[in-house]
Amino acid sequence: MSGHVKRTKETDDLSAAIAVLKQGYVCTLAHVDPETGRPRCVPMVYAYHEQGNEKLLYLHGSVDWPPESKLNPSLRQLWKADGVAVCLTVTVLDSLLVGRAAISTSLNYRSVVVDGTARKVDRKDRTKAFEALTDQVIPGRWAELRPIKDGSDGKASELDSDGKQTPTVGVLSISLTEKATVRVKRHHAPEPEHEHQDDRDWDGGRAWGGLLPIRQVYGPAVPDSHVKDLGADPPASVQKLIHRGT
């Protein structure tokens, strides 16, 4: 019986946070809108990256919204301000706790909360930032892609779309080792909590309770309309993702 034993643990151990951050690639980023003074929260793609002794998170998103757009000005605002206090969260779900009552229905999870400063990544570092982001989402994919257009051949650059160091797709960084607060929270219970014997005896003891493990799997790859050989296998990186959960 689990009783009321506390199953939630919190720590500020950076290595524990990194272990969680390496598992995901979607975060939620919150900051205060400088125009309205109201909080704003958006999902973003992220990657964990080590650079010497520094440990970084890279954030990825479009900064090329039309001025009149109200869809998602967050990255444009952060890019323009360059050095904004933000709060980033990542959660990895491990299992559902299927309880017999509403109060005992819960989740087993690991989460990270980072309070830090978002800064735009300089052009010279954007290529390695895109490499980290690409390989965090699909491990090994960077080596399979066409080379990034950096402007070295005299043509338009994907790293600087307007000649003013502004890319169409920007990358922000958050240092985990420079004035950042990192908190890790883990909840792990072997069975639904906050239940008493009368809960277990409900409906003649036939009510079910327990764990439902969660794992991420990928379905069959679907080629888009521009693939000339529709019978060709997807790249090795994609195949590894598909087979990873089988």
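To be clear, the structure that these remarks concern was listed above.
Remember, predicted model here, so these are calculated numbers, not experimental data. (Residues numbered from 1 in each chain as written. Predicted model: local features only at pLDDT ≥ 70, side-chain atom pairs only at ≥ 80, totals over all residues. Heavy atoms only, no water.)

A. Layout of the overall build of the protein chain. Looking only at helices and strands, the protein chain features 5 helices and 9 strands. Along the chain direction, N to C, the helices and strands of the protein chain fall in the order β-α-β-β-β-α-β-β-α-β-β-α-β-α. Taking all 246 residues of the protein chain together, the buried fraction comes to 34%. Put simply, of all contacts in the protein chain between residues at least 6 apart along the chain, 70% involve residues at least 24 apart. Accessible surface, the protein chain: about 15,000 Å² in total, of which carbon and sulfur atoms supply 54%. (Helix = DSSP H or I, 4+ residues; strand = E, 2+ residues; numbered from the N terminus. Buried < 20%, exposed > 50% of the residue type's maximum accessible area, 1.4 Å probe, protein only. Contact = heavy atoms within 4.5 Å. Areas by Shrake-Rupley, 256 points an atom, 1.4 Å probe, with all protein chains shown as cover.)

B. Spotlight on the nonpolar core. Residues L29, L57, L59, L88, V112, V114 and I174 are the most contacted members of the largest nonpolar core, which totals 27 residues. Per-element accounting of this core gives the leading share, 5 residues, to strand β5 (residues 84-98). Dropping the residues within four chain positions of it, V112 is found in contact with A17, V20, L21, L88, T89, V90, V182, R183 and V184. (Core = buried A, V, L, I, M, F, W, Y, C linked by side-chain atoms within 4.5 Å.)

C. Local environment of the layout of surface pockets. A volume near 490 Å³ is recorded for the largest pocket. Residue lining of the largest pocket: 21 residues in total, with Q23, G24, V92, Q216 and R244 positioned closest to the centre. At the level of elements, β5, α3 (123-137) and α5 (236-244) are the ones that each hand at least two residues to the lining of the largest pocket. Element by element, the count of residues in the lining of the largest pocket is highest for β5, at 5 residues. A per-class count over the lining of the largest pocket returns 10 nonpolar, 6 polar and 5 charged. (1 Å grid on protein atoms, 1.4 Å probe; cavity = no way out; pocket = protein on both sides within 12 Å on 5 of 7 lines; lining within 4 Å. Points joined across faces, edges and corners; volume = space filled by probe spheres on them. Nonpolar A, V, L, I, M, F, W, Y, C, P; charged D, E, K, R; others polar.)

D. Representation of α3 within the structure. For α3, which comprises 15 residues, the first-to-last C-alpha distance of 22 Å matches the rise-based estimate of 21 Å (1.5 Å per residue) to within 8%. Taken together, the buried positions of α3 are occupied by D125, R126, A129, F130, A132, L133, T134 and Q136. (Expected span 1.5 Å × (residues − 1).)

E. Fine view of the side chain of Q136. Note on placement: Q136 falls in helix α3. Given a relative accessible area of 14%, Q136 falls into the buried group. Look past the residues within four positions of Q136 in its chain and what remains in contact with it is L21, K22, G24, Y25, Y46, A47 and Y48.

F. Region of interest: a nonpolar patch on the surface. A cluster of nonpolar side chains, L93, L96, L107, L212 and I214, forms an exposed patch at the surface whose accessible area comes to about 370 Å². For L96, the position within the fold is in strand β5. (Patch = residues over 30% accessible without salt bridge, like charges linked within 9 Å, V, L, I, M, F, W, Y side chains within 5 Å. Salt bridge = Lys/Arg side-chain N within 4 Å of Asp/Glu carboxyl O.)

G. Structural context of unusual backbone geometry. In this model, K179 sits at a positive phi of 55 degrees, which is unusual for a non-glycine residue. Residue placement: K179 occurs in the loop between β7 (169-175) and β8 (181-187). Positive phi outside glycine occurs at H194, with the angle close to 60 degrees. If you trace the backbone, H194 turns up in the loop between β8 and α4 (197-200). Using a relative accessible area of 38% as the deciding quantity, one classes H194 as partly exposed.

H. Geometry of the environment of E54. Here E54 lies in strand β4 (residues 54-62). The class for E54 is partly exposed, based on a relative accessible area of 26%. With residues up to four places along the chain from it excluded, the contact list for E54 reads H49, S175, T177 and E178. Polar side-chain contacts of E54 include one of 3.1 Å to the side chain of S175. (Polar contact = N/O pair within 3.5 Å; in protein donor to acceptor, adjacent residues only side chain to side chain.)

I. Up close: the pairing of strand β6 (residues 106-120). When β5 meets β6, the two strands line up antiparallel, connected through 13 bridges. Within β6, the residue paired with V86 across the bridge is G116. Where β6 and β8 come together, 7 bridges link them in antiparallel fashion. By the bridge assignment for β8, V113 is matched with R183. As paired strands, β6 and β7 are joined by 3 bridges and run antiparallel to one another. Across the sheet, the residue bridging to K120 is L172, located in β7. (Pairing = 2+ DSSP bridges.)

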